[in-house]
Structures are given as structure tokens and as C-alpha cells.
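What the coordinates show
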Amino acid sequence: MHDAVFTRTFALPSGRRVRLRLAGLRDRPAVEALLRERGVAAGDLDLHRLVCANPAERLVLAAFALVDGAERLVGVGAIDLAADADLDTLVVDERLAGGLGLLLGDVLRRRAAAHARRVA
């Protein structure tokens, strides 16, 4: 899973750049804060599924951008890698990262499709 999507930044229509990487346990406080700020109710199990996913079965990407000179989580998205799965989580702060929802959703769907082709 270490390929170009995780080694560069993406420009958003707003001009802001975001970096995508696999979400991990260290991201839990930021993920919890993002969900709360966006009005998304999430329990401990929901948060655990986002930050402790097995990347061979479920892809969870975190999107980071520089905001006021500090890197900040501005989005999180997830998709199961089973055949024909669609996004099950997509939460972004469009105020800080306009256009991120489309980008993150597209990257997740493309990665899932590529995974399905490899295992078929």
C-alpha cells in the first residue's frame, strides 16, 4: 500500500494542499475532534474501526492540511475492500478544505477497485 498516493500532496480547488495517509491509532484524538466538530456521533467502537483498521481488509485514509501554520486533520474516509463495497465513512471539513470530499471519495474508490482487480 506504499505507493504514490501516500507520498505526495493533492491540490484542492481552493488552492489548499492536502496530504493523504493511512489513519492510525495516533490519529484518534484528531478523528474524534473532527467528527464532533462536524456533528457526527461516534462511539468508541466507531472510532476504533477508523483508527485500527486492517489495511488488507479496510482502507481508512486521513487527510491533513496546513491550517494556521500547523498540520491539521481535515478529513477522514473509509471503505471496505470487499468486492462492490462503497464508502462507509466520509467526513471532511469543507470550510478548511473545499473539494476534499470529492477527492477523498475518488481516491478511496479507486484504491478499492485496484484491490479488487488484484485479488480477482
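Above this note sits the structure.
Residues numbered from 1 in each chain as written. Predicted model: local features only at pLDDT ≥ 70, side-chain atom pairs only at ≥ 80, totals over all residues. Heavy atoms only, no water.

Counting residues in hydrophobic clusters, the biggest one holds 22 residues, and the most contacted among them are Val18, Val74 and Leu100. At the level of secondary structure, the elements contributing two or more residues to this core comprise β2 (17–22), β3 (58–67), β4 (70–80), β5 (87–92) and α3 (100–119). Residues in contact with Leu100, not counting those within four places in the same chain, are Leu12, Val18, Ala63, Val74, Gly75, Val92 and Glu94. Membership of the second largest hydrophobic core comes to 14 residues, among which are Leu35, Val51, Leu73 and Val76. (Core = buried A, V, L, I, M, F, W, Y, C linked by side-chain atoms within 4.5 Å. Buried < 20%, exposed > 50% of the residue type's maximum accessible area, 1.4 Å probe, protein only. Helix = DSSP H or I, 4+ residues; strand = E, 2+ residues; numbered from the N terminus. Contact = heavy atoms within 4.5 Å.)

Here we come to the pairing of β4. As judged from the 10 bridges shared by β3 and β4, these two strands associate in the antiparallel manner. From the neighbouring strand, Leu59 faces β4, where its bridge partner is Ile79. Direction of pairing for β4 relative to β5: antiparallel, over a ladder of 5 bridges. Across the sheet, residue Ala78 finds its bridge partner in β5, namely Thr89. (Pairing = 2+ DSSP bridges.)

Here the focus is helix α2 (residues 44–51). Where α2 is concerned, the buried positions are Leu47, Leu50 and Val51. Along α2, the residues classed as buried sweep out an arc of 85° about the axis, all on the same side. Buried-residue contacts for α2 involve α1 (28–37), β3, β4 and β5. (Arc of directions from axis to C-beta.)

Take the pairing of β3 next. Most of β3 is tucked away: 9 of the 10 residues are buried. Here β3 hands over to β4 after 2 residues, with Asp68 in that stretch at a positive phi of 55°.

Turning our attention to the environment of Arg72. Tracing the backbone shows Arg72 in strand β4. Among the residues examined, Arg72 registers a relative accessible area of 30% and is labelled partly exposed. In this structure, the C-alpha to C-alpha distance between Arg72 and Leu35, residues 37 residues apart in sequence, is 13 Å. Ignoring anything within four residues of it in the chain, the contact list for Arg72 reads Glu37, Ala63, Phe64, Ala65, Val67, Asp93 and Leu96. Separated by 3.1 Å, the side chains of Arg72 and Glu37 make a polar contact. (Polar contact = N/O pair within 3.5 Å; in protein donor to acceptor, adjacent residues only side chain to side chain.)

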